[in-house]
Amino acid sequence: HDSGLRRATLDELVDELLAQWQIARPEVRLAVDRGPGLAELLVEYDQSLLHALLNLLHNAADASPDAVTLQAGADGDRALLVVEDRGAGIPADIAEALGRRFVSRKDGGLGLGVLLSSASIERLDGEATVREREGGGTRWEIRLPASNAPPRT
């Protein structure tokens, strides 16, 4: 049976994400920061993870179209993706509830999409945490299980 899971390097995952982002939001300049070793880090993911990451990028772009960053790197033995914006940030009560129950803020647009994103990430044994970004805005940290890619011969 095809679970739809793909194995790729973190570098390839970021490439795929950026390709889809360019199509979806060509007007938003996304600052991308790739840490060292992305080509040596293997992750397993499916289309729902890409949707989840795109959703977080959309929220960030809606909050601050001219200040969205995506960082990718290793965090110990896990792959780390960070999405940051300079929007109004997330009220503490909502940050607390995110990923645990549906929160609707008509004006903020956070809620079901974020809940589904968290579920997609957790299904892959990953975790998504959100916190206030220093200096204002929101910082999402997505950690995924990773393994070392076999050395290229």
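Preceding this section is the structure that the text describes.
What comes next concerns the included structure. Note that the coordinates shown come from a computational prediction; the quantities given were computed from them, not determined experimentally. For every chain, the first residue of the written sequence is number 1, and numbering continues from 1 along that sequence. Since the coordinates come from a predicted model, pLDDT governs what is reported: local features require at least 70, and pairs of side-chain atoms require 80 or more to be given and counted, while whole-chain, interface and lining totals use all residues. Excluding hydrogens and water, the side-chain values take into account all heavy atoms of the structure.

Strands are runs of DSSP state E lasting at least 2 residues, helices are runs of H or I lasting at least 4, and numbering of each runs from the N terminus. Secondary structure summary: the protein chain contains four helices and eight strands in total. Traced from its N-terminal end to its C-terminal end, the protein chain shows the element sequence β-α-β-β-α-β-β-α-α-β-β-β. The buried label goes to any residue with under 20% of its type's maximum accessible area, the exposed label to any with over 50%, and the partly exposed label to all in between, with areas taken from a 1.4 Å probe on protein chains only. The buried share of the protein chain, reckoned over its 153 residues, is 44%. Contact between two residues is taken to exist if any of their heavy atoms lie within 4.5 Å; hydrogens are not considered. Summarising the internal contacts of the protein chain: among those between residues at least 6 apart in sequence, 69% fall at separations of at least 24. In short, Shrake-Rupley with a 1.4 Å probe defines the accessible areas, and a residue's cover is counted only from the protein chains shown. Summed over all atoms, the accessible surface of the protein chain reaches about 8200 Å², with 50% contributed by carbon and sulfur.

This part is about the sheet that holds strand E7 (residues 138–145). One key point about sheets: their strands pair by backbone hydrogen bonds, in either a parallel or an antiparallel sense. Here, strands pair whenever DSSP counts at least two bridges between them. As summarised here, the arrangement of the five strands in space is E2-E4-E5-E7-E6, forming an open sheet in which the pairing is mixed. Edge positions in the sheet fall to strand E2 (30–34) and strand E6 (127–132), since each has one partner strand and no second. Neighbour-to-neighbour, the strand axes of the sheet open up by a mean angle of 15°, direction not taken into account. Sheet analysis places E6 next to E7, joined by six bridges and oriented antiparallel. Bridge assignment links Ala128 to a residue of E7, and that residue is Ile142. Under this scheme, a helix contributes an axis fitted over its contacting stretch, all axes are lines through C-alpha atoms, and angles between N-to-C directions fall in the 0 to 180 degree range.

Okay, the sheet that holds strand E1 (residues 6–9) next. Spatial ordering of the open sheet is given by E1-E3-E8, a layout of three strands whose pairing is antiparallel. Each of the sheet's edge strands pairs with one partner strand only, and the pair in question is E1 and strand E8 (147–148). With two bridges joining them, strand E3 (residues 41–45) and E8 adopt antiparallel strand pairing. Its bridge partner being in E8, Leu42 is matched across the sheet by Ser147. On top of the sheet, helix H1 (residues 10–24) reaches E1 and E3; it is set at about 100° to E1, its chief contact.

What follows deals with the nonpolar core. Remark: nonpolar core denotes a set of buried residues (Ala, Val, Leu, Ile, Met, Phe, Trp, Tyr, Cys) joined through side-chain atoms within 4.5 Å. Grouped together as the largest cluster of nonpolar side chains are 36 residues, with contacts concentrated most on Leu13, Leu81 and Leu144. Among the elements of the structure, H1, E3, helix H2 (47–63), strand E4 (68–75), strand E5 (78–84), helix H4 (112–123) and E7 are those that each provide at least two residues to this core. If one sorts the elements of this core by residue count, H2 sits on top with nine residues. In this structure, Leu144 is in contact with Leu13, Leu49, Arg78, Ala79, Leu81, Ile121, Leu124 and Gly126, ignoring residues within four places of it in sequence.

Any two side chains of opposite charge can pair if their charged atoms end up close together. The salt bridge definition used is simple: a Lys or Arg side-chain nitrogen within 4 Å of an Asp or Glu carboxyl oxygen. Per the counting criterion, the structure on display carries twelve salt bridges. Here Arg34 makes a salt bridge to Asp11, at a shortest N to O gap of 2.6 Å. Pair noted here: Arg34 is in strand E2 and Asp11 is in helix H1, with a separation of 23 residues, a long-range link. Judged by its relative accessible area of 24%, Asp11 is partly exposed.

Purely spatial values, then, with no claim about function.
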